[in-house]
Amino acid sequence: MVYHAQFERAGKQPGLQVWRIEKMDLVPVPQNQYGSFYSGDAYVVLNTVKQRSGNLQYDLHFWLGDSCTQDESGAAAIYSVQMDDYLGGKPIQYREVQGYESNTFVGYFKTGLKYKSGGISSGFFHVTPNQVDVKRVLHIKGRRIIRATEVPVTWESFNSGDCFILDLGVEVHQWCGSKCNKFERLKATQVAKGIRDSERSGRAKVFVMEEGSEREKLLEVLGPKPDLPEGTDDDLRADASNRKMAKLYKVTSSLVSNEGGEMNISLVAAENPFSQEALESDDCFVLDHGSNGRIFIWKGKHANPEERKAALKAAEGFITKMGYAKHTQVQILPEYGETPLFMQFFKMWKCKEQTEGLGVAYINNHIAKIEKIPFDVSTLHDSQAMAAQHGMVDDGSGKKQIWRVEGSDKVPVDPASYSQFYGGDCYIILYTYKHGGREGHLIYNWQGADSSQDEIGASAILTAKLDEEMGGGPVQVRVVQGKEPPHLLSLFGGKPMVIYKGGTSRGGGQTAPADVRLFQIRATSSGYCKALEVDAAATNLNSNDTFVLKTPSASYIWFGQGSSDVEKQGASHLLNILGVRASKITEGSETDDFWEALGGKAPYRTSSRLKDKMDTHPPRLFACSNKTGRFIIEEVPGDLTQDDLAEDDVMMLDTWDQLFVWLGNEAQEEEKTEAITSAKKYLETDPANRDKRTPVVIVKQGFEPPTFTGWFFGWDYDFWSVDPLQRAMADLEV
């Protein structure tokens, strides 16, 4: 194993470490310079995260500047491979190219990346921190991923569509083009503040000016302002049409064991989602998502050691062979260290028990600040994180009104049967709750599996009308039968939500129930359950659940081996609703009469289901747009914070079980109108082949429920009472 003195410092405790390649050696970068990169240099960056198990997880990156030498590039790659080896092959490795960094990487630097001219091996000197004799211009680009690139100190570098910073050492001048928007101004202000506080240790003065109102000092440096171009909207975005296109290849050992040999790859699967079983521990694999600018190398735990070490070389060879751009992102994953970004390409990914290696990767750029919180109704009002993780705004004891959609109108439902629904109907549920002294409203639009398109359309119109009547404040939740969120299940005073098969609930219009009826009772992690009527067949049994079987002559409660106490209580409530008494049967002790009523004994599901999905599917925040005629999606990197929500955007928070659509107050009306369409498009284009019935929740700025706010670190309900740009400007006065 190759040793370097800096390896001793690497990954000893959680946090970020940065090294620069200087004369082919690995030299640590001072912490106050993190986020600044010289275009002529190469860097190694290690982020260490402590997992919930207590183990450490490593994300290891090497970063290549636009003008770094081939020798420096090679040295950074070699050091990253050696550091990976020193850390036992556990790190997830990334190759980063200036301007095309991964979301994981840019997530470390929420205030933005700064690209500076010069480098160790070039003729330029590095700018020294706290140096007052500075003259440079930084071009600020990006809404989600902020990049500040050093450009020539001349008006020719400027345009009216962006923000620029003229850094003169003791004075930092922020110039805002006439065409740039409020959000871009806000991000530029954060960069200027970072220069003042980190690079100058607070010893610089920041001035902010608009185009046409330039300060005398800026004109003295740049000269008279000429007419400027408007600029181009070339921020990096991913076209959703590329999201699903991926292929899986197996890499043969000759790829890496033969120096300079031909690359040997064999196609395993031509389209995703892939089968997890296709990944064999004795080999390495390439997951090719080059159509979206990214490839993954998966290293099997029993693969040849030399093959594992040469994974990076394999990645670069693959990029060349496929003719992909040199800046294609590369992520190298050890078996058991798979990231959610990788797992999304597989159907029903199952995480193995942690017997060796890393276990489930704890991905810092999405969920580092989110700890799993068990559900406790007594402390629900005090915990937004609990509300979010379990989908609960409160304990369900608030005021509720339920209507059935009939024709083009809504008809009140008898409160005595509030917990009972029919698959042939659509319902509207208005729920009023209090949280933190604030009153909130939810409107559930529940759509039965057998309801007609006319009824579904009418329910959407009536939901929007009710929302309008209430001043536009309620949170709208579209729920398709079978995808009920936990909070909806909590509204019925401890009783299960019962969904009858077939029939309708219109007075006198119900179809006669079948002679033999089977109900499946399933609980959520929040402690509530639902009872769904299914076909009376043995194949519908499930070892994880409780079932009620009703026949003309007898009734039974069947307890699967994995059934919970909550499900058993739900079954008792269902028996009361049905008005019958039942014999209790545990799985494995069924009578002949029981099997006969189900049409005979048959195989059914006995495997345990994945109980906790947060590691496999961490929350992700996106900005989505149809403005260009194509569906454009851009992910927000790093830990989720409230200021990631741009007031002039429509954004999507994907928590896997639900998809929140957040409507900024200043978003275009067309974008707000198209929000549901965008949500459906997002689900359709997800590489993981998502369930199209996933609930879509419409949330308006200023009316966010705790099920939404709890996913964000440090949510402030008064955040928008002061304009975020004004708040940032006030910070500059400090």
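Residues numbered from 1 in each chain as written. Predicted model: local features only at pLDDT ≥ 70, side-chain atom pairs only at ≥ 80, totals over all residues. Heavy atoms only, no water.

K.L.:
Residue-level account of the overall build of the protein chain, with values.
P.N.:
Within the protein chain, the secondary structure is distributed over 18 helices and 35 strands. Taking all 734 residues of the protein chain together, 56% fall into the buried category. For the protein chain, the share of sequence-separated contacts (at least 6 apart) that also reach a separation of at least 24 residues comes to 67%. Just so you have it, the protein chain exposes about 31200 Å², and 48% of that area is on carbon and sulfur atoms. (Helix = DSSP H or I, 4+ residues; strand = E, 2+ residues; numbered from the N terminus. Buried < 20%, exposed > 50% of the residue type's maximum accessible area, 1.4 Å probe, protein only. Contact = heavy atoms within 4.5 Å. Areas by Shrake-Rupley, 256 points an atom, 1.4 Å probe, with all protein chains shown as cover.)

K.L.:
Give a description of the sheet that holds strand S25 (residues 497–500) that names residues and reports values.
P.N.:
Taken in spatial order, the 7 strands make up an open sheet running S21-S25-S27-S26-S28-S29-S30, and their pairing is mixed. Bordering the open sheet on either side are strand S21 (420–422) and strand S30 (583–586), each of which pairs with just one other strand. Neighbour to neighbour, the strand axes of the sheet diverge by 20° on average, direction disregarded. Here S25 runs beside strand S27 (residues 529–534); their pairing, made up of 3 bridges, is parallel. Considered in S27, the bridge of Ile499 is made with Leu532. Across the face of the sheet, helix H13 (residues 565–578) comes into contact with S21, S25, strand S26 (517–523), S27, strand S28 (546–550) and strand S29 (555–559) while running at roughly 145° to S26. (Pairing = 2+ DSSP bridges. Axes fitted to C-alpha atoms, helices over the stretch in contact; angles between N-to-C directions.)

K.L.:
Describe in detail helix H1 (residues 70–86), supporting the description with residues and values.
P.N.:
End to end, H1 covers 24 Å across 17 residues, agreeing with the expected 24 Å (1.5 Å per residue, within 8%). Taken residue by residue, H1 has Glu72, Ser73, Ala75, Ala76, Ala77, Tyr79, Ser80, Gln82, Met83 and Asp84 as its buried positions. Backbone geometry just downstream of H1 places Gly88 in the positive-phi region, at approximately 80°. (Expected span 1.5 Å × (residues − 1).)

K.L.:
Report on the confidence of the model for the protein chain, specifying residues and quantitative values.
P.N.:
In this model, the protein chain carries a mean pLDDT of 82, and residues with pLDDT of at least 70 account for 84%. Least confident of the elements in the protein chain is helix H9 (residues 364–367), whose mean pLDDT is 31; most confident is S28, at 96. Note on residues 353–370: pLDDT under 50 across the span, and 69 contacts to partners over four residues away in sequence or across chains. This model gives residues 609–614 a pLDDT under 50, and the stretch forms 16 contacts once residues within four places in sequence are excluded. (pLDDT = per-residue confidence, 0-100.)

K.L.:
Explain the packing of aromatic side chains to me, and be specific about the residues and the numbers.
P.N.:
Taken as a whole and judged by the stated rule, the model has 36 aromatic pairs. Ring geometry for Tyr422 and Tyr500: centres 4.8 Å apart, planes at 45°, overall tilted. Pair noted here: Tyr422 is in strand S21 and Tyr500 is in strand S25, with a separation of 78 residues, a long-range link. Accessibility expressed as a relative area gives 6% for Tyr500, which makes it buried. One aromatic cluster is present, formed by Phe37, Tyr43, Trp63, Phe105, Tyr108, Phe109 and Tyr115 through successive ring pairs. Over the ring of Phe207 we find Arg215, and its NZ or CZ is 3.7 Å from the ring centre. The ring of Trp656 carries the charged tip of Arg690 above its face, separated from the ring centre by 4.0 Å. (Phe/Tyr/Trp six-rings, centres within 6.5 Å; stacked < 30°, edge-to-face > 60°. Lys NZ or Arg CZ within 6 Å of the ring centre and 35° of its normal.)

K.L.:
Can you lay out the sheet that holds strand S18 (residues 329–334) for me, pointing to particular residues and giving the numbers?
P.N.:
Across the sheet, 10 strands lie side by side as S2-S1-S4-S5-S6-S18-S17-S16-S14-S15; this open sheet has mixed pairing. Across the chains shown, the open sheet's two edge strands, defined by having one partner strand only, are strand S2 (25–28) and strand S15 (265–269). Each strand axis lies, on average, 25° off the axis of its neighbour in the sheet, ignoring direction. Where strand S16 (residues 284–289) and strand S17 (residues 294–299) come together, 6 bridges link them in antiparallel fashion. Looking at S17, one finds that Cys284 is bridged to Lys299. Its contacts with the sheet place helix H7 (residues 311–322) against strand S5 (56–64), strand S6 (92–97), strand S14 (247–251), S15, S16, S17 and S18, and it is angled at close to 140° to S17.

K.L.:
How would you summarise the nonpolar core if you had to cite specific residues and measurements?
P.N.:
Counting 55 residues, the largest nonpolar core has Val548, Leu645, Phe708 and Phe712 as the members making the most contacts within it. Among the nonpolar cores identified, the runner-up in size contains 33 residues, and Ala75, Leu87, Tyr249 and Phe318 belong to it. (Core = buried A, V, L, I, M, F, W, Y, C linked by side-chain atoms within 4.5 Å.)

K.L.:
Before we move on, could you go through the environment of Ser80 and cite the residues and values that matter?
P.N.:
Looking at where Ser80 falls in the secondary structure, it is placed in helix H1. A relative accessible area of 1% places Ser80 in the buried class. The spacing of Ser80 and Pro91 is 11 residues in sequence and 9.8 Å in space, taken between C-alpha atoms. Excluding its chain neighbours within four sequence positions, the residues that come into contact with Ser80 are Leu60, Phe62, Gln93 and Leu312. Among the polar contacts made by the side chain of Ser80, one reaches the main-chain carbonyl oxygen of Ala77 at a distance of 2.7 Å. (Polar contact = N/O pair within 3.5 Å; in protein donor to acceptor, adjacent residues only side chain to side chain.)

K.L.:
Which residues make up the pairing of strand S11 (residues 171–176), and what are the values?
P.N.:
Of all the 6 residues making up S11, 5 are buried; the element is thus mostly covered by neighbouring parts of the structure. Relative to S11, strand S10 (residues 163–167) runs antiparallel, the two sharing 5 bridges. Among the inter-strand pairings, Phe164 is bridged to a residue of S11, identified as Trp175. Joining the antiparallel neighbours S10 and S11 is a turn of 3 residues, in which Gly169 adopts a positive phi near 85°.

K.L.:
Describe unusual backbone geometry, and please don't skip the residues or the numbers.
P.N.:
In this chain, Asn272 is followed by Pro273 through a cis amide linkage whose omega measures 5°. In this model, Lys23 sits at a positive phi of 50°, which is unusual for a non-glycine residue. Among the secondary structure elements, Lys23 is positioned in the loop between strand S1 (15–22) and S2. When its relative accessible area of 78% is taken as the criterion, Lys23 is described as exposed. A positive phi is found at Met24, a non-glycine position, where the angle reads about 65°. Tracing the chain through its elements places Met24 in the loop between S1 and S2.

K.L.:
Break down the pairing of strand S23 (residues 438–447) for me, with residues and values.
P.N.:
Buried residues dominate S23, accounting for 8 of its 10 residues. Two strands pair when backbone bridges link them, and strand S22 (residues 426–435) and S23 are joined in this way by 10 bridges, in the antiparallel orientation. Bridging from a neighbouring strand, Lys434 pairs with Glu439 of S23. Hairpin connection of S22 to S23: 2 residues between the antiparallel strands, including Gly436 at a positive phi of 60°. Of the pairings in the sheet, the one linking S23 to strand S24 (residues 475–480) comprises 6 bridges and is parallel in character. Opposite Ile443, over in S24, you have Gln476 as the bridge partner.

K.L.:
Got a sec to walk through the pattern of salt bridges? Specific residues and values, please.
P.N.:
Enumeration over the complete set of coordinates arrives at 26 salt bridges. For Glu316, the salt bridge identified is with Arg95, shortest N-O distance 4.0 Å. In this pair, Glu316 sits in helix H7 while Arg95 sits in strand S6, placing the two residues 221 residues apart along the sequence. On the basis of relative accessibility, which here comes to 9%, the residue Arg95 falls in the buried class. When the shortest N-O distance is used, the salt bridge between Lys182 and Glu666 registers 2.9 Å. Residue Lys182 is found in helix H3 (residues 182–199), and its partner Glu666 is found in the loop between strand S34 (659–663) and helix H15 (669–673); the two are separated by 484 residues along the sequence. In this structure Lys182 comes out as partly exposed when scored by relative accessible area, which is 25%. For Glu666, a relative accessible area of 43% corresponds to the partly exposed category. (Salt bridge = Lys/Arg side-chain N within 4 Å of Asp/Glu carboxyl O.)

K.L.:
Provide a residue-level description of the environment of Gln520, including the pertinent values.
P.N.:
Looking at the secondary structure, you find Gln520 in strand S26. Aside from chain neighbours lying at most four places away, what touches Gln520 is Lys530, Ala531, Leu532, Val534, Asn542, Asp545, Thr546 and Phe547. Side chain to side chain, Gln520 and Asp545 meet in a polar contact 2.8 Å long.

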